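# Working through the structure, step by step
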Amino acid sequence: VTGKMSSMQHSLPRDGTLQVLLFAGLVEPAGGRTLDIPWSGGTVADLRRALAEARPGLEPLLSRSAIAVSGALAAEETRVAVGADVAVLPPVSGG
């Protein structure tokens, strides 16, 4: 059984898709509340670039938006794995 599990793990694709949840002012330029992008892993900074490439209309908001990975706000150097839970939270204004 161990041999089978090991061979199955090696046959899994290394690249995948990342589903990103979007909120508020990000929904319209993205064309929906979720965005699926090709993703093989990387940092939050890499994710910002990939999102801007996938939907150029998001670019002006991405630099000011927070990104949460697995329910926690993430720094630019935080690793984002394939299949991670990711949300982009636009800047909030108020006073």
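Residues numbered from 1 in each chain as written. Predicted model: local features only at pLDDT ≥ 70, side-chain atom pairs only at ≥ 80, totals over all residues. Heavy atoms only, no water.

## Section: the overall build of the chain
- Across its full length, the chain carries four helices and seven strands.
- Listing every helix and strand of the chain by position from the N terminus yields α-β-α-β-β-α-α-β-β-β-β.
- Burial status across the chain gives 35% buried among its 95 residues.
- Within the chain, counting contacts between residues at least 6 apart in sequence, those at least 24 apart form 53% of the total. (Helix = DSSP H or I, 4+ residues; strand = E, 2+ residues; numbered from the N terminus. Buried < 20%, exposed > 50% of the residue type's maximum accessible area, 1.4 Å probe, protein only. Contact = heavy atoms within 4.5 Å.)

## Quick notes on the pairing of strand 7 (residues 86-89)
- Relative to strand 7, strand 1 (residues 16-22) runs parallel, the two sharing three bridges. Bridging across to strand 7, Leu-21 finds its partner in Ala-87.
- In terms of strand pairing, strand 4 (residues 66-69) meets strand 7 through four bridges, oriented antiparallel. The partner of Val-69 across the bridge, within strand 7, is Val-86. (Pairing = 2+ DSSP bridges.)

## As for the confidence of the model for the chain
- Averaged over all residues, the pLDDT of the chain equals 85, while 81% of them reach at least 70.
- Per-element averaging of pLDDT across the chain places helix 1 (residues 2-11) at the bottom with 38 and strand 3 (residues 42-43) at the top with 98.
- Considering only residues more than four positions removed or in separate chains, one finds that residues 1-14, a stretch of pLDDT under 50, has two contacts. (pLDDT = per-residue confidence, 0-100.)

## Some words on the nonpolar core
- Counting 23 residues, the largest nonpolar core has Leu-18 and Leu-47 as its most contacted members.
- At the level of secondary structure, the elements contributing two or more residues to this core comprise strand 1, strand 2 (34-39), helix 3 (44-54), helix 4 (59-62), strand 4 and strand 7.
- Per-element accounting of this core gives the leading share, five residues, to helix 3.
- Setting aside its immediate chain neighbours within four residues, Leu-47 contacts Leu-18, Val-20, Ile-37, Trp-39, Ile-67 and Val-86. (Core = buried A, V, L, I, M, F, W, Y, C linked by side-chain atoms within 4.5 Å.)

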